[in-house]
Every structure is written in structure tokens, then in C-alpha cells.
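Secondary and tertiary structure notes
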Amino acid sequence: MKPETDLLRELPSVDRVMNHPAAAPLLERFNRPFVTATLRGLMDELRQVIRSGGDVPSDRLHEESIITDLERKLARAGRPGMTRVVNASGTILHTNLGRALLSEAAAAAVGLVARHPVNLEFDLRRGKRGQREAEIESLLRELTGAEAAAAVNNNAAAVLLGLNSMAEGKHVIVSRGELIEIGGSFRIPEVMAKSGAILREVGTTNRTHPRDYAEAIDENTGLLLKVHTSNYRVVGFAAEVELKDLVAIGRERGVPVMEDLGSGALVDLGKLGLPREPLVAERVAMGADVVTFSGDKILGGPQAGLVAGTRGWIESMNRNPLKRALRCDKLTLAALEATLRSYVQSPDLLREIPTLRAFSRPLDELEEDGRTALPLLQERLGPDYEVELVDATCQIGSGALPTEEIPSKGIAVRGRGMSSDEVARVFRQADPPVIGRIHNDRFILDLRSAGDPESVVPNLKPPMSPEGTR
Ligand SMILES: *Cc1c(COP(=O)(O)O)cnc(C)c1O
């Protein structure tokens, strides 16, 4: 091996590499500053290896060899950071994996709106400026029975907007049992503080009674708030005030009632053999002045916060300058409209909305999926792995029905001499990555959340060649 200084001297200059004919194709795929910066990074790495006495054969310092390394580095840097994965986690609406999948119709609507001008705020009939949420509002009115409706960026935004529009500077009465935190740092007391409304807690963690609200109402009260305790349950010696009782108190004292439903279903999950989530239409019918819920939870649409309520309150939210900051973009509105339209018009809603389809697929179908996947998996993984069809349970996820489980089928994968964590890593490194879960020290691929049995068969990357690792 040559001494360090000689090797450093052998490194070609950045200019020389950039002007080499073999670099030309790279400049057709990437811009010059990006290629130059990547090359500088590569040269720095080489210099460091040389200085630390690493073994660098001098042919690695030739321009051609450096360009080969550069090409590989550019290809890696050019890959999108957000990439497709397979959700075999057993959580259907996994917040970390992007929650609901869009229907074909919604995805197509997004593609169209992304590529073409659209009548987002243009009334084609009158040839004048139009309302950007007109269509969404009319669909939501039809689906919820509310007088009026609106959409914002997400349900957290809907709650913020509702509190600010209805109760800025006033007291909002909430049960201590409903001061929840949702994953990703949504906490009722904190959103309340940012909205400019003042939290007035009543009751205790496990029990709150109608008189707690009634006694707390005074001239400073602006709103009674009910929050769906999405991600936990108070069981045992517990009491909460039903929405209809809260509405009665509010009506008697002239105070509006808002409910943050969290998931909020538009169809009765009970009819799918699933535990029931409150229906938005039911809550509106019970007299809530405003109900807020997410677009990408049980509804199965894009990330959005939906608000259904009385005309007066929805108008005051629409007039609020915060609404402008929290509004949905055209891609979201397109996906949302297509999703809501399916709810109104589709002959087979459960098939069309992937989330509802995942909830409702019968066990024998999942078992069939398992029988399809099993031999494919075994063949792909080889003799060092054992695969087995097992009973599993799925969660809805995103805070809906946290204590309820949906029966499912899964495939348990064991690797000889490997821990379940190591097996999970092999699947995560596949292309696309397959995300399973570890249960009782076994790695399980859930067939209900995965949707397609072939998707859980990992495309394993060939083991890194020594070339690839250097
Ligand atoms: C999920 C949830 C939220 C937050 O909704 P995002 O759409 O994620 O912003 C707020 N409140 C409740 C009760 C929830 O379940």
C-alpha cells in the first residue's frame, strides 16, 4: 500500500471528474450543482478513509471508478424519502403509515386536479367566482343531515377553528375524563389555549355528571365541549354525560355544544359486524351545534378535518381568518369530494373504500389469502425460514375503538437462529419495505391490514456486494 500523502495526491480534482466523458450522462439526469456537491462529499469520504489508514487500492482513485461510485451515490440520493410500504402491521389506520388509503376514484380525482386547471373557485353556470367548498358542503349535508358543513386541514384544525370561532376569550366547559391526548401531540388543553378559549374543567377523571356542567355555567361560558375519548376507555366506576343531556343543558342555558368525534363514522360499523363508532348523523340529530371529525380515519378519505353544524356557526367559522390558514388544498378537496360521493352514490361502498373493505373482509377470505401467500413466502425466504398461518387480531387504529379487536389471519415468520427483531428488519429492508408486528416474540404479517396477499411476500434485496458497501 502506498503512503497516505501519495494516495491523497492521486485523487483527481473535482473539475477533472466532472469533465470526464463518463460523467456526461449523470448531468442529463441531475443538475450540475447537485452532482458537484455529491462528488465533493464522495471525495471527502475517500480522503477520510485514506487519512485514517484505510485500505484504498489506487485503482479506486481513478476517475472512472470514482464516477461509478458517484453514480451509485446519486441514485441513492435521488430516491424519494417517502416511499411505498406494505402495511402488514395489523393496524388498519396506522398513523405512522399514512392512515387511510384513497379509493380508486379519489386517487384518480387527485391525479386529474394535479395536472389540469380546475373550477376550484369558479361557478361554471354563472361564469363568476364560486365557493371552493360548495360541493363538499352539499355532500356532507346530505350525509350528516347538518344544515351546513366545512372542511379544513385536519380534525385538530377543525377543533382549533371551532373553539376560536365559538368561544375565544370565553370559558369552555369540558369533563376531566375527556381531556385527552391523541398521538402526534394533539392535546385538548393545549389546543384550547392556542384557540384563545379558556378551559373550565368539570367532574373527575372517571365520573362527570350533568350537574357538574350545569353548576359551572355562568356569564363567561361560551361553549360546552364533548370529546370522544378515542384512544382510551374509562371502565369500572365511571359516568359520563351523554351528548343529548349536554345538549339539553346547553339549550336551557343558551350555550352552544360542540363535539369532537375524532373518527366519526358515516356508515354504521355495527352493520359490518364491527363494534359501533358514533355516527356523525346521529350526533347532529341529537342536537350538537357543531361536530368535528377526521377525513382519513374511519371515513377512509384524505387527511382533512370535517365540520358539520348549524348554519350560523359554520358561517362564523368560514368568516374567521383562521379558516384561510387552515383550509384544504385542491388535491385534498378532490379526494374528499370523490370519497364522499362514493358514500352517497356507490352501489358497493364496502368494495370501493379501501378502509371499509379492510374492516369488512370475512375471515374465510383472509384464510384464502394466507393459503396464497404461504407457499410464495416460503419459496422467497428459503429453507432458513419457517412460515405458518395463524389466527391474529387487527386494530382499527388512529384512536378508533382502541379496546376492540377485529379477528384476522396472519402469517408467523421465524428465521433460523434469528430473533423476531432480526426477521422484522429483513422485511423492513425489502423493496418495498414490509411492515409487520411482533407479538409474543413472533413476527406476524397481518393479512387484513395488508389487503393483498402477494404484497407480504418481500422482494428481498440481494445481499450488499463489497462494492456496494464501500
Ligand atoms: C384523531 C383525533 C383528533 C385529531 O384528528 P386529526 O385529523 O389527526 O388532526 C382529534 N380529536 C380526536 C378525538 C381524535 O380521535
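Our structure's up above, just so we're on the same page.
Predicted, not measured: the structure shown is a model, and the values here were computed from it. Along every chain, residues carry numbers that run from 1 in the direction the sequence is written. The predicted nature of this model means local features are confined to residues of pLDDT at least 70 and side-chain atom pairs, given and counted, to a pLDDT of 80 or more, with totals for whole chains, interfaces and linings taken over all residues. Note that water and hydrogens are dropped before the side-chain values are worked out from all heavy atoms of the structure.

Some remarks on the side chain of R448
- Note on conventions: DSSP H or I runs of at least 4 residues are helices, E runs of at least 2 residues are strands, and numbering of each starts at the N terminus. Assignment of secondary structure puts R448 in helix α20 (residues 447-450).
- The definition of a polar contact used here is a pair of N or O atoms within 3.5 Å, where within protein one atom must be able to donate a hydrogen and the other to accept one, and adjacent residues in sequence count solely through side-chain atom pairs. Within the structure, R448 has its side chain in polar contact with the backbone oxygen of P407 (distance 2.7 Å).
- Throughout, a residue-residue contact means that at least one pair of heavy atoms, one from each residue, lies within 4.5 Å. Once residues within four sequence positions are removed from consideration, R448 is found in contact with I92, A358, F359, S360, R361, L363, L366, C394, I406, P407, S408 and K409.

Let's talk about the sheet that holds strand β11 (residues 290-294)
- Paired strands, in this sense, are two strands between which DSSP finds at least two bridges. Ordered in space as β4-β12-β11-β10-β9-β5-β8, the seven strands form an open sheet in which the pairing is mixed. The open sheet has two free edges, formed respectively by β4 (148-152) and β8 (198-202), since each of these has just one partner strand. Averaged over all pairs of adjacent strands, the angle between strand axes in this sheet comes to 25°, irrespective of strand direction.
- Bridge analysis of strand β10 (residues 257-262) against β11 gives four bridges, and the strand direction is parallel. Axis definition: a line fitted to C-alpha atoms, over the contacting stretch in the case of helices. Angles run 0 to 180 degrees between N-to-C directions.

Overview of the nonpolar core
- Here the nonpolar core consists of buried residues drawn from Ala, Val, Leu, Ile, Met, Phe, Trp, Tyr and Cys, with membership extended through side-chain atoms lying within 4.5 Å. Exposure is judged per residue with a 1.4 Å probe applied to protein chains only, and the accessible area is read against the type maximum: over 50% gives exposed, under 20% gives buried, and values in between give partly exposed. Judged by nonpolar contacts, the single largest core of 52 residues is most densely connected at L224, F293, L340 and F359.
- How far each domain reaches was decided by an automatic or database domain assignment. Each of domain 2 (86-94 + 360-469) and domain 3 (104-352) accounts for three or more of the residues forming this core.
- What L340 contacts, discounting residues up to four positions off in sequence, is I136, L139, L140, L143, L266 and L299.
- Formed by 29 residues, the second largest nonpolar core is a distinct cluster that contains M166, V172, I182 and M317.

Section: the pairing of strand β5 (residues 171-175)
- A large share of β5 lies buried, amounting to five of its five residues.
- Across the two faces of β5 the burial is the same, with H171, I173 and S175 and V172 and V174 all buried.
- Across five bridges, the pairing between β5 and β8 is parallel. Across the sheet, I173 pairs through a bridge with R200, a residue of β8.

Side note on the environment of D446
- Residue placement: D446 occurs in strand β17 (residues 442-446).
- Residue classification places D446 among the buried positions, given a relative accessible area of 0%.
- Between the alpha carbons of D446 and G436 there is a distance of 6.8 Å; along the sequence they are ten residues apart.
- Looking at D446, its side chain comes within polar contact range of the main-chain nitrogen of S449, at 3.0 Å.

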